[in-house]
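Examining the three-dimensional arrangement
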Amino acid sequence: MEPKTARWFTEGVETMPDETSVRVLERASQVLDCFSPTEPRLRIADLRRMTGLPATTVNRIVKTLVAQDLLQRDGEEYRLGLRVLVWTAPAIAGSQLVAVAGPVAEQIRDYSGETTGISVHQGVNRVTVVAALSKHSVIFNGYVGQVRPLHAGASGKIFLAYDQAALDAALRRGLTRFTDRTTTDADVLRTELAAVRELGWAFAESENETGLNSLGVPIFGPSGAIVGALGVGGPSFRLTRQSAEEFAPAVVAAGLSISQRLGYTGHLRVEPNASARRANEQAR
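Residues numbered from 1 in each chain as written. Predicted model: local features only at pLDDT ≥ 70, side-chain atom pairs only at ≥ 80, totals over all residues. Heavy atoms only, no water.

As a further point, take the overall build of the chain. From N to C terminus, the chain includes 10 helices and 11 strands. Per-residue burial over the chain gives 43% buried out of 284 residues. Long-range contacts, defined here as pairs at least 24 residues apart, represent 57% of the contacts in the chain between residues at least 6 apart. Carbon and sulfur atoms make up 53% of the accessible area of the chain, which amounts to about 15000 Å² in all. (Helix = DSSP H or I, 4+ residues; strand = E, 2+ residues; numbered from the N terminus. Buried < 20%, exposed > 50% of the residue type's maximum accessible area, 1.4 Å probe, protein only. Contact = heavy atoms within 4.5 Å. Areas by Shrake-Rupley, 256 points an atom, 1.4 Å probe, with all protein chains shown as cover.)

Here it is as structure tokens:
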């Protein structure tokens, strides 16, 4: 008799897992993840390039998504259908990450004085799910639902540093240049990500927008996989590399606190800031 552990059960009825259906769902998600505020309208050729899927597969998936009102067609271009908005509120309301991280983001905002947020990985982008705005008059105006690329900015690089699949997706799509400080060379990017893993945090200067700097740290789930990034963003005249080094230990500790509340049992080593390093060297 076949072991029951080899079967799935739905309401008492034994069924075998349908690997084909799972694969279709994965590919449909790949297609939907291609759309963003910066690229809200895409052609079939764009979707093929961005997903790397065969033309026949993309055509079939797009046709199904249109039929389900998850995509809408305008001539040769497609955009997200309004049906996806139905899921937004319950997704946020039911997110343990949002519930746990919201108060911590506000604490870090008050500590650093800069806009602080939580973002999650989606396709080749990251999406802000928590935002605590700075109380200064000149600020980084982050908001819930904001979409940013993974390769530009500190929080995005956190995902690339700790998730190989995210890095592969970003490299496959291509490293778009947003400013003269954006990293567009794959080898240089890999070197930067190795430094992020060594430090336990990331710092970016004017990579998304000129004059906007950011600091990011990882948030891990129970399995040890990265589930989010805690980021601090502000104008370059306030959020300098020196100030980021001062903030980093507290922000890393905050990210670890969120991780532990989510069930993470590991530990993160916090690289001492520049002042602490100099003090240690002098002590020797």
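The phi angle at D69 is positive, at roughly 65°, despite the residue not being glycine. Within the element layout of this structure, D69 appears in the loop between helix 3 (55-67) and strand 4 (71-74). Overall, the relative accessible area of 33% leaves D69 in the partly exposed class. At S206, a residue that is not glycine, the phi angle is positive and equals roughly 55°. Look at S206 and you get buried, because its relative accessible area is 11%.

A volume near 980 Å³ is recorded for the largest pocket. The wall of the largest pocket is formed by 29 residues, among which L80, V84, T88, Q122 and V127 lie closest to the centre. Broken down by secondary-structure element, the contributors of at least two residues to the lining of the largest pocket are strand 5 (77-80), helix 4 (88-93), helix 5 (96-112), strand 6 (115-122) and strand 7 (125-132). Partitioned by chemical class, the residues of the lining of the largest pocket number 19 nonpolar, 8 polar and 2 charged. (1 Å grid on protein atoms, 1.4 Å probe; cavity = no way out; pocket = protein on both sides within 12 Å on 5 of 7 lines; lining within 4 Å. Points joined across faces, edges and corners; volume = space filled by probe spheres on them. Nonpolar A, V, L, I, M, F, W, Y, C, P; charged D, E, K, R; others polar.)

All right, on to the sheet that holds strand 11 (residues 226-235) then. Spatial ordering of the open sheet is given by 8-7-6-11-10-9, a layout of 6 strands whose pairing is antiparallel. Lying at the two open borders of the sheet, with one neighbouring strand each, are strand 8 (147-149) and strand 9 (202-205). Geometrically, the sheet is characterised by an average inter-axis angle of 30° between neighbouring strands, direction not taken into account. (Pairing = 2+ DSSP bridges. Axes fitted to C-alpha atoms, helices over the stretch in contact; angles between N-to-C directions.)

So, on to the sheet that holds strand 4. One open sheet holds the 3 strands; their spatial order is 3-5-4, and the pairing between them is antiparallel. Both edges of this open sheet fall to strand 3 (42-43) and strand 4, since each of them pairs with a single strand only. Summarising the sheet, strand 4 and strand 5 pair through 4 bridges and their orientation is antiparallel. Among the inter-strand pairings, D74 is bridged to a residue of strand 5, identified as E77.

In this section: helix 8 (residues 186-199). Over its 14 residues, helix 8 extends 20 Å from the first C-alpha to the last, a length consistent with the 20 Å expected when each residue adds 1.5 Å. Those residues of helix 8 that sit buried are L189, L193 and V196. Taken around the axis of helix 8, the buried residues stretch over an arc of 50°, which confines them to a single face. Away from its buried face, by an angle of more than 90 degrees, helix 8 presents the exposed residues D187 and T191. (Expected span 1.5 Å × (residues − 1). Arc of directions from axis to C-beta.)

Here we come to the pattern of salt bridges. A side chain of one charge can pair with a side chain of the opposite charge when the charged atoms of the two come close. Applying the stated criterion across every chain, the model contains 15 salt bridges. Notably, a salt bridge pairs E207 with K157, separated by 2.8 Å at the nearest N-O pair. With E207 in the loop between strand 9 and strand 10 (212-220) and K157 in helix 6 (residues 154-162), this residue pair connects regions lying 50 residues apart in the sequence. Side by side, E207 and K157 carry an identical accessibility label, which is buried. Where salt bridges share partners, they join R41, D74 and R79 into one cluster. (Salt bridge = Lys/Arg side-chain N within 4 Å of Asp/Glu carboxyl O.)

Another point: helix 9 (residues 241-261). The end-to-end C-alpha separation of helix 9 is 29 Å, in line with the 30 Å expected for 21 residues at 1.5 Å each. At F247, helix 9 shows its maximal kink, close to 45°; a proline, P249, follows between one and four residues later. The complete set of buried residues in helix 9 reads S243, A244, E245, F247, A248, V251, V252, A254, G255, L256, I258 and S259. Once helix 9 ends, the next one or two residues include G263, with phi positive near 110°. (Bend = angle between axes of the 7 residues up to and from the residue.)

Further remarks concern the confidence of the model for the chain. The pLDDT averaged across the chain works out to 86; a share of 85% of its residues lies at or above 70. Confidence over residues 1-17 falls short of pLDDT 50; this stretch has 14 contacts with residues more than four positions distant or in other chains. Below a pLDDT of 50 lies the segment residues 271-284, which in the model reaches 10 contacts outside its immediate sequence neighbourhood of four places, other chains included. (pLDDT = per-residue confidence, 0-100.)

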